[in-house]
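Spelled out from the first residue to the last, the chains are:
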Amino acid sequence: MTFFPTVRLRRLRRSPALRALVRETRLSPDRFVTGFFVKHGRGVREEISSLPGVFRFSPDEAVAEAQELESLGVLAAILFGIPDRKDDTGSEAWNDEAAVQETVRRLKKEVPGMLVVTDVCLDEYTSHGHCGVIRDGEVDNDATLPLLAKAAVSQARAGSDVVAPSDMMDGRVAAIRRALDENGFDQIAILSYSAKSASAFYGPFREAADSAPKFGDRRGYQMDAANRREAMREIEMDLREGADVVMVKPALSYLDVIREARARFDAPIAAYNVSGEYAMVKAAAAKGWIDEKRIVLEILTSIVRAGADFILTYHAKDAARWLKDGIA
Ligand code: PBG
């Protein structure tokens, strides 16, 4: 039988070269999707106070940032819009001249190697801050679907490669798939925020996008954080409706959900390392309490080890640099 002292697991930990040979999980910059907040203007690069190192960009600055990221090997960005005006239905979401659509056009033209993903949701665009239209004090599921579909089609028309619905309405993947196909966009993929929890970890994002709900909260449509089985039902439903990639969000407190999704489904799985997760690391690092590089790479490794194929993360640029420098 193979027991100690015949077996000594420390034998394979004795040198960097040996550890590298038996390493099971590897990070690389092409597994990262960076997040861009975009608004109209020129030369705009406003740092978000609760997300140090993350900016609101005008389209030209988004292009410059994308070029830098591409040179570091980060080949995908997801765009969120900061509109000039908001209304009850979030109509700026499907305005072909909105900041997101304009940025998509510029990125596809000026940084053709960069994959452009667009977040499909209404919360950044509605005056009340909810992810759908309000009827009788509630977010109306079915009335929201055609609006999401219009937003996705407008993004596809601008040149988006992948649309990513984050609203958590039932049936939105099917509605978006149908609308894309009817408009000649059958090659545009859907990355669905399938298992998205009603989470306190989105706080800094809502500051960045000024998208906190003006009344109530999102618990009537985003998932209860306590439910893993329900997360599997969400993923299954989205795959049946035609999602090409499913996502678990947030990532770090939900590694078990990623793990179980990996075991059950063969579709690609994304994980969203969200704003609050990033902000906690940055705050502790700024105080000198943690080693930022090592913590970030350990967090990202854990998300891949749990089973994610790729990660949406605000650490993308830093992590890509550190990987390049060989700090792993
Ligand atoms: C909705 C959306 C949110 C995030 C991504 N898309 C906010 C929300 O649901 O309240 C959060 C991402 C993050 O916290 O980094 N458009």
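Residues numbered from 1 in each chain as written. Predicted model: local features only at pLDDT ≥ 70, side-chain atom pairs only at ≥ 80, totals over all residues. Heavy atoms only, no water.

### A short note on the packing of helix α4 (residues 141-158) against helix α5 (residues 172-182)
Packed helices, taken two at a time, are described by the angle their axes make and the gap between the axes.
Alright, step 1. Remark: α4 packs on α5, axes separated minimally by 9 Å, with the N-to-C direction vectors making an angle of 45 degrees. As the angle between them shows, α4 and α5 are arranged oblique. When you trace α4 past α5, the crossing you get is right-handed. Contacts between α4 and α5 involve Leu 145, Leu 148, Ala 149, Ala 152, Val 153 and Ala 156 on the former and, on the latter, Arg 172, Ala 175, Ile 176, Ala 179 and Leu 180.
Alright, step 2. Partitioning the contact of α4 with α5 into residue classes produces 10 nonpolar, no polar and 1 charged. (Axes fitted to C-alpha atoms, helices over the stretch in contact; angles between N-to-C directions. Helix = DSSP H or I, 4+ residues; strand = E, 2+ residues; numbered from the N terminus. Parallel < 35°, antiparallel > 145°, perpendicular 65-115°, else oblique. Left-handed = near helix turned anticlockwise from the far one by under 90°. Contact = heavy atoms within 4.5 Å. Nonpolar A, V, L, I, M, F, W, Y, C, P; charged D, E, K, R; others polar.)

### Focus on the pattern of salt bridges
Alright, step 1. Applying the stated criterion across every chain, the model contains 29 salt bridges.
Alright, step 2. With a shortest N-O distance of 2.9 Å, Lys 39 and Glu 46 are connected by a salt bridge.
Alright, step 3. By relative accessible area, which is 29% here, Glu 46 ends up partly exposed.
Alright, step 4. When salt bridges with common partners are traced through the structure, they connect Arg 45, Glu 61, Glu 65, Glu 68, Lys 282, Glu 292, Lys 317, Asp 318 and Arg 321 into a single cluster. (Salt bridge = Lys/Arg side-chain N within 4 Å of Asp/Glu carboxyl O. Buried < 20%, exposed > 50% of the residue type's maximum accessible area, 1.4 Å probe, protein only.)

### A look at the pairing of strand β4 (residues 76-81)
Alright, step 1. Of all 6 residues that make up β4, 6 are buried, and the element is covered over most of its length.
Alright, step 2. Along β4, one buried face is formed by Ala 76, Ile 78 and Phe 80 and the opposite face, lined by Ala 77, Leu 79 and Gly 81, is buried too.
Alright, step 3. Here 4 bridges tie β4 to strand β5 (residues 115-120), and the two strands are oriented parallel to one another. Within β5, the position partnered with Ala 76 by the bridge is Leu 115.
Alright, step 4. The parallel pair β4 and β5, bridged by helix α3 (residues 99-110), forms a crossover whose chirality is right-handed. (Pairing = 2+ DSSP bridges. Right-handed = clockwise from strand over helix to strand, strands pointing away.)

### Quick look at the nonpolar core
Alright, step 1. Core analysis: the biggest nonpolar cluster contains 81 residues, and Phe 36, Val 163, Ile 176, Leu 180, Ile 258 and Ile 303 have the highest contact counts within it.
Alright, step 2. Here this core takes 10 residues from α4, the largest share from any one element.
Alright, step 3. If we ignore the near neighbours within four places in the chain, the residues touching Ile 258 are Val 248, Ala 251, Ile 269, Ala 271, Ile 303, Ala 306, Gly 307 and Ala 308.
Alright, step 4. Membership of the second largest hydrophobic core comes to 26 residues, among which are Phe 37, Ile 48, Val 117 and Val 274. (Core = buried A, V, L, I, M, F, W, Y, C linked by side-chain atoms within 4.5 Å.)

### Considering the pairing of strand β11 (residues 269-273)
In regular strands, side chains alternate between the two faces of the sheet.
Alright, step 1. For β11, a buried count of 5 out of 5 residues is recorded, marking the element as mostly surrounded by other parts of the structure.
Alright, step 2. The side-chain alternation of β11 yields two buried faces, one formed by Ile 269, Ala 271 and Asn 273 and the other by Ala 270 and Tyr 272.
Alright, step 3. Bridge count for strand β10 (residues 245-249) against β11 is 3 bridges, and the pairing is parallel. Bridging from a neighbouring strand, Met 247 pairs with Ala 270 of β11.
Alright, step 4. Note that the unit made of β10, helix α8 (residues 255-264) and β11 has a crossover that is right-handed.
Alright, step 5. Alignment of β11 against strand β12 (residues 310-313), held across 4 bridges, turns out to be parallel. Paired with Ala 271 across the two strands is Ile 311, which belongs to β12.

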